[in-house]
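# Fold and geometry: a report
So you can see what is in the structure, the chains are spelled out below.
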Amino acid sequence: MLPWTALGLALSLRLALAQSGAERGPPASAPQGDLLFLLDSSASVSHYEFSRVREFLGQLAAPLPLGPEALRVSLVHVSSRPHTEFSFSQHSSGAAVQDAIRAAAQLMGDTNTGLALAYAREQLFAEAAGARPGVPKVLVWVTDGGSSDPVGPPMQELKDLGTTVFIVSTGRGNLLELAAAASAPARKHLHFVDVDDLHIIAQELRGSILDAMQPQQLRASEVTSSGFRLAWPPLLTADSGYYVLELAPSAEPGTKRRQQLPGNATGWAWAHLDPATDYDVALVPESNVHFVRPQHLRVRTLPEEAGPERIVISHARPRSLQVSWAPALGPAAALGYHVQFGPLRGGAAQRVEVPAGHNSTTLQGLAPGTAYLVTVTAAFRSGRERALSAKACTPDGERSRAPRPSPPGAGGRGP
C-alpha cells in the first residue's frame, strides 16, 4: 500500500500546485523594451553637474536586465546638435552600459533640447539604430531645466507614439512646463532633485522604468485628432475569456463607451472622438481560469488638423505666379505642403514641395494668358491631408503696339 500512498500524495501535490498557479495567473514575463537616456551635455551644465548626472545614469542602468531579448539602452547628448554616445544594439550588459556612460565626454554648445527630442524620436523607432518594433519605448531626460528651443511639440510627438517619458530636473526647471512634458501622471514621471541627491531617487525611478517595460502594459499609438489605436500583449486566449474595453472623456466619466473583444485580441482602434480631449481607457480581462488585473490609460487626442486657408495669388507675370496661404499652426501644424497646378482647359499638372514653416512659393514655367487651377495640400503626422484650391490666370505677354496718332498741332506743320 505504501507505493500507492506515495503516488496518491504526489498526484495530490501536483494538482494543488496546478490549482495554485491557475489562481495566481500566468507568470510575469521579463521586461522588454528600448530605453533612451537624454543627457544635457551643453555649456549650461557645469562639469561637476555633468559628472554627477553621468554617475547617476550609470547607477540607474547597471542593475537593469539588459540583453538582446530584454532591455536595450541608448544614450543621446543634448548640445548644439544631438549626438549618439552609443546605440541600442551596442551593449548588452549592465556593466558594459555603465562603462560606456562613464566614458561619455561633455560636448558643451547650446541647449537645443527640442532638436535632440526630435532626434531621439527617430532613434527610438529606427531599426538602423538598434530599436525594435513592437516593444515598449521609454525616455529618461535629465535636465537642468533650460532649453534654447521649444520642447513641447517634439515631446508630444514622442508621447503620441506611445513613449513613456520620465524627466529628472536638478531643480531649476519650470514645474508647469516640465509636468506637461512628462508622461501622466506627473507625480510618477517627474522628479525634482538636487544634483548631489540623485542617488535618492535611483531605486524608485528604476522600478518605474521596469513597470513601463512590462509586456502587459496597455499602450496607445497612432494618436490623431479623432482617434487612437490601443495595443496590449496576449493576456488571455480565445478559450480562456474575453476583454471589455471602456472609454470615456475624463471630464465626463458618465458618457462611457464599451467594446467587448475575444480573448485572442491584442488591439483595438477608437474613432470618431473629439479633438484636444483627454480620454480615460480601461482594459478589463474577464476570465474564469485566472485573474488578470484591469489596466488603465489616459490618452489625449490631438488638436483638430486645419488645412491651409485664404489662398492669395500675387506677383502675376506672363510665365510665373506667387501663391501664398495661411498656414496650419499650433500642435497640429503640418509636416509640409505640396502645391499642384495645371491649366484649367487640360494639360499636364505639376507639383512643388514646400517644407513646414513656409507658406508661399513661386510657380514658374507657366504659359501667358492661361487660367490655372492651384491646389495647396497640407500633410499631417496622422497621415491625413487637408487641401484648398483656387483659380489663377497669368496675364498676356507683351505685344507690339501700333504708334498712337499725334494730337493736332503737335510736332510738324499743320495743313
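Everything below is about the structure shown above.
When helices and strands are tallied, the protein shows eight helices and 20 strands. A buried classification covers 42% of the 415 residues belonging to the protein. Within the protein, contacts between residues at least 6 apart in sequence are counted, and of these 66% link residues at least 24 apart. Carbon and sulfur atoms make up 53% of the accessible area of the protein, which amounts to about 22100 Å² in all.

Moving on: unusual backbone geometry. With the exception of glycine, most residues fall at negative phi, and the peptide bonds are largely trans. With a phi angle near 70°, methionine 108 is a residue other than glycine that sits in the positive phi range. Residue placement: methionine 108 occurs in the loop between helix H3 (94-102) and helix H4 (113-124). For methionine 108, a relative accessible area of 30% gives the class partly exposed. We note that histidine 315 has phi near 50°; this positive angle belongs to a residue other than glycine. Summarising the element assignment, histidine 315 is placed in strand S14 (residues 309-317).

What follows covers the sheet that holds strand S19 (residues 371-379). An order of S17-S16-S19-S20 is seen for the four strands of this open sheet, with the pairing classed as antiparallel. In this open sheet, the two strands that pair with only one neighbour each are strand S17 (350-355) and strand S20 (385-393). Averaged over neighbouring strand pairs, the angle between their axes works out to 20° when direction is ignored. Where strand S16 (residues 336-343) and S19 come together, eight bridges link them in antiparallel fashion. Its bridge partner lying in S19, histidine 338 is registered against threonine 377.

It is worth spelling out the sheet that holds strand S18 (residues 360-364) at this point. With antiparallel pairing, the three strands of this open sheet are ordered in space as S14-S15-S18. Edge positions in the sheet fall to S14 and S18, since each of these pairs with one other strand and no more. Each strand axis lies, on average, 20° off the axis of its neighbour in the sheet, ignoring direction.

The next subject is the packing of aromatic side chains. With the rule as written, the count across this model stands at three aromatic pairs. Measuring from ring centre to ring centre gives 5.5 Å for tryptophan 232 and tyrosine 243, while their planes differ by 65°; the resulting arrangement is edge-to-face. One end of the pair, tryptophan 232, is in the loop between strand S8 (228-231) and strand S9 (241-249); the other, tyrosine 243, is in strand S9, with eleven residues separating them in the sequence. Residue classification places tryptophan 232 among the buried residues on the basis of a relative accessible area of 3%. With a relative accessible area of 0%, tyrosine 243 lands in the buried category. Seen in terms of ring centroids, tryptophan 268 and tryptophan 270 are 6.2 Å apart; in terms of plane orientation they differ by 80°. Their pairing is edge-to-face. You can call tryptophan 270 buried: its relative accessible area is 5%. When the ring centre of phenylalanine 125 is taken as reference, the NZ or CZ atom of lysine 137 above it lies at 5.4 Å.

Reading the values: rules and limits
Residues numbered from 1 in each chain as written. Predicted model: local features only at pLDDT ≥ 70, side-chain atom pairs only at ≥ 80, totals over all residues. Heavy atoms only, no water. Helix = DSSP H or I, 4+ residues; strand = E, 2+ residues; numbered from the N terminus. Buried < 20%, exposed > 50% of the residue type's maximum accessible area, 1.4 Å probe, protein only. Contact = heavy atoms within 4.5 Å. Areas by Shrake-Rupley, 256 points an atom, 1.4 Å probe, with all protein chains shown as cover. Pairing = 2+ DSSP bridges. Axes fitted to C-alpha atoms, helices over the stretch in contact; angles between N-to-C directions. Phe/Tyr/Trp six-rings, centres within 6.5 Å; stacked < 30°, edge-to-face > 60°. Lys NZ or Arg CZ within 6 Å of the ring centre and 35° of its normal.

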